[in-house]
Amino acid sequence: MQRTLILLKPDAVQRRLVGEITARFERKGLRLAGLKLVHASRELAEKHYAVHKGKPFYESLLAFLTSGPTVALVWEGREAVAVGRNLMGVTDGAKSPPGTIRGDFALSVQNNLVHGSDSAENAATEIALWFQPDELVTYAATDANWVG
Ligand code: IDP
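Reading the values: rules and limits
- Residues numbered from 1 in each chain as written.
- Predicted model: local features only at pLDDT ≥ 70, side-chain atom pairs only at ≥ 80, totals over all residues.
- Heavy atoms only, no water.
- UniProt positions renumbered as here; feature names shortened; annotations may be inferred.
- Helix = DSSP H or I, 4+ residues; strand = E, 2+ residues; numbered from the N terminus.
- Near = heavy atom within 4 Å.
- Polar contact = N/O pair within 3.5 Å; in protein donor to acceptor, adjacent residues only side chain to side chain.
- Areas by Shrake-Rupley, 256 points an atom, 1.4 Å probe, with all protein chains shown as cover.
- Nonpolar A, V, L, I, M, F, W, Y, C, P; charged D, E, K, R; others polar.
- Pairing = 2+ DSSP bridges.
- Axes fitted to C-alpha atoms, helices over the stretch in contact; angles between N-to-C directions.
- Contact = heavy atoms within 4.5 Å.
- Buried < 20%, exposed > 50% of the residue type's maximum accessible area, 1.4 Å probe, protein only.

*Asks:* How would you sum up the UniProt feature "domain: Nucleoside diphosphate kinase-like" (unreviewed entry) in the protein chain? Please name residues and give values.
*Replies:* UniProt records the feature "domain: Nucleoside diphosphate kinase-like" (unreviewed entry) for residues 1–138 in the present numbering. Helix and strand shares over residues 1–138 are 41% and 20% respectively, and the end C-alpha atoms of the span are 12 Å apart.

*Asks:* Describe the site of the ligand, listing the residues and the values that go with them.
*Replies:* The full set of residues close to the ligand is Lys 9, Tyr 49, His 52, Phe 57, Leu 61, Arg 85, Thr 91, Arg 102, Val 109, Gln 110 and Asn 112. Between the ligand and Asn 112 there is a distance of 2.8 Å, counted from an oxygen atom to a side-chain nitrogen or oxygen. Relative to its unbound accessible surface of 530 Å², the ligand loses 75% to contact with the protein. Class assignment of the residues belonging to the shell around the ligand gives a composition of four nonpolar, four polar and three charged.

*Asks:* Outline the sheet that holds strand 4 (residues 114–116), listing residues and values.
*Replies:* Across the sheet, which stays open at both edges, the four strands sit in the order 2-3-1-4 with antiparallel pairing between neighbours. The open sheet is flanked by strand 2 (31–39) and strand 4, the only strands paired with a single partner. Adjacent strand axes in the sheet meet at a mean angle of 20 degrees, parallel and antiparallel pairs treated alike. Relative to strand 3 (residues 69–77), strand 2 runs antiparallel, the two sharing eight bridges. Looking at strand 3, one finds that Val 38 is bridged to Thr 70. Along the sheet, helix 5 (residues 80–88) makes contact with strand 1 (2–8), strand 3 and strand 4, crossing strand 1 at roughly 30 degrees.

*Asks:* Outline the environment of Trp 146, supporting the account with residue identities and numerical values.
*Replies:* Here Trp 146 lies in helix 8 (residues 144–147). A relative accessible area of 77% means that Trp 146 is categorised as exposed. Separated by 117 residues in sequence, Trp 146 and Gly 29 have C-alpha atoms that sit 9.2 Å apart.

And the structure:
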């Protein structure tokens, strides 16, 4: 069992795609463990995208992530990190295949609707950045025998 952090970035909220995107993770069979609406501070955005510091798009990326509310989600399940990345597609919306979230709804490289952790290790770090431990809920999914 693995956890991943998924962010529905400010463009997803502004474009009213929160329900559409969240539904894809639900239907896949992942279990929702955390959910909140956050208007990210510059400090949070800097920590979240620390790996991109110094890149030409860094300041623009921080401005984007702090421009409005983000929906932060924690999903649990078998191979949750890889499953999340597959549902998202590739970074550039224009190159992302149809059927993926970015392939279906994004055209931009920066404004690509979703973030998903790229390793279990990074997921743990990112979840701790966006959630307090008591904001994550563990429970038995009644359909676990069918989708697990
Ligand atoms: P990922 O979100 O697909 O894992 P990363 O390379 O980790 O992609 O980049 C993080 C985010 O930074 C992307 O989702 C996108 O919003 C933005 N980004 C990445 N590369 C570029 C770029 O070349 N121009 C503008 N924004 C970029």
